[in-house]
Amino acid sequence: MDAVRIIAANRRGLAQASTAHDVVVEAWQAQALAEAIGSHLAIFGPYEVRSRARGLGDAGGRFSGGLLCSAPATGGLRAAQLSEVRDVKAALTGLCQLLQEVCEALVSVVSTADEEGMYWTCVEAIDMADESGDRVAGILERLEVRDRDLA
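Residues numbered from 1 in each chain as written. Predicted model: local features only at pLDDT ≥ 70, side-chain atom pairs only at ≥ 80, totals over all residues. Heavy atoms only, no water.

Peer 1: Whenever I open this one, helix α1 (residues 3-16) confuses me. Can you help?
Peer 2: Residues lying three or four places apart along an α-helix face the same way, a consequence of the helix completing one turn every 3.6 residues. Here α1 spans 20 Å end to end across 14 residues, near enough to the 20 Å set by a 1.5 Å rise per residue. Looking only at α1, the buried set comprises Ala3, Ile6, Ile7, Asn10, Gly13 and Leu14. Buried residues along α1 cover an arc of 120° about the axis, so they all sit on one side. Opposite the buried face of α1, at more than 90 degrees from it, the exposed residues are Arg5, Ala15 and Gln16. The inward-facing, buried residues of α1 contact α2 (20-44) and α4 (88-112). (Helix = DSSP H or I, 4+ residues; strand = E, 2+ residues; numbered from the N terminus. Expected span 1.5 Å × (residues − 1). Buried < 20%, exposed > 50% of the residue type's maximum accessible area, 1.4 Å probe, protein only. Arc of directions from axis to C-beta. Contact = heavy atoms within 4.5 Å.)

Right, here's the structure in full:
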């Protein structure tokens, strides 16, 4: 499945998340997707962004909050369905927006968390989503420079 479709599914899942647990699961899904897209682009992406994409793959894989939450019974881990990234810029732009939305949702959960474990899980997830978002922005900048140089 194409990355843009999976990102859209993740955004819908995040928008429909009604509990703190659901938000953390969606954050986990987004981080797994960042890892998958980064790893895919590190191998198949434009040459100019492969090393940065490898960094995105590494950053996406460091979030351990998913260990506290099981993936939804139906569908499992969305990132496992990634088979291609047809439009690199659209995928990265969508991923950046998704990661920003994840951070916003997690801030809401952190502010109402009454359980210390959930609080720290959300803080870790915010840090990882923010780091992944920064890495995506760096890849997009590099693509813009490449395109400007080619013009």
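Next comes the rest of the description.
Peer 1: Help me out: how do you make sense of the environment of Thr112 in this one?
Peer 2: Structurally, Thr112 is set in helix α4. Given a relative accessible area of 61%, Thr112 falls into the exposed group. In this structure the C-alpha to C-alpha distance between Thr112 and Ala20, which are 92 residues apart in sequence, comes to 9.0 Å.

Peer 1: How should the pattern of salt bridges be read in this particular structure?
Peer 2: When the charged atoms of two side chains lie near each other, side chains of opposite charge can form a pair. Within this structure, the stated rule accounts for seven salt bridges. The shortest N-O distance in the salt bridge between Arg11 and Glu101 comes to 2.4 Å. Of this pair, Arg11 sits in helix α1 while Glu101 sits in helix α4, placing them 90 residues apart in sequence. Arg11 gets classed as partly exposed once you look at its relative accessible area, which sits at 31%. A residue is classified by how much of its surface remains accessible, and Glu101, at 23% relative accessible area, is partly exposed. The salt bridge involving Arg146 is made with Asp147; its shortest N-O contact spans 3.1 Å. Among the ionic contacts, a cluster of salt bridges with common partners joins Glu48, Lys89, Arg146 and Asp147. (Salt bridge = Lys/Arg side-chain N within 4 Å of Asp/Glu carboxyl O.)

Peer 1: Any chance you could explain the nonpolar core here in plain terms?
Peer 2: Ile37, Leu92, Leu95, Leu98, Val102 and Leu106 are the most contacted members of the largest nonpolar core, which totals 42 residues. Of all elements in the fold, only α1, α2, α3 (50-60), α4 and α5 (116-150) reach the threshold of two or more residues within this core. Broken down by element, this core gets its largest block of residues, twelve residues, from α4. Ile37 has contacts with Ala3, Ile7, Leu82, Leu92 and Leu95, leaving out every residue within four places of it along the chain. (Core = buried A, V, L, I, M, F, W, Y, C linked by side-chain atoms within 4.5 Å.)

Peer 1: Would you take a moment to explain the environment of Glu124 for this structure?
Peer 2: In this fold, Glu124 is placed in helix α5. Residue class for Glu124 comes out partly exposed when judged on its relative accessible area of 26%. It is 9.9 Å that separates the C-alpha atoms of Glu124 and Leu106, two residues lying 18 residues apart in sequence.

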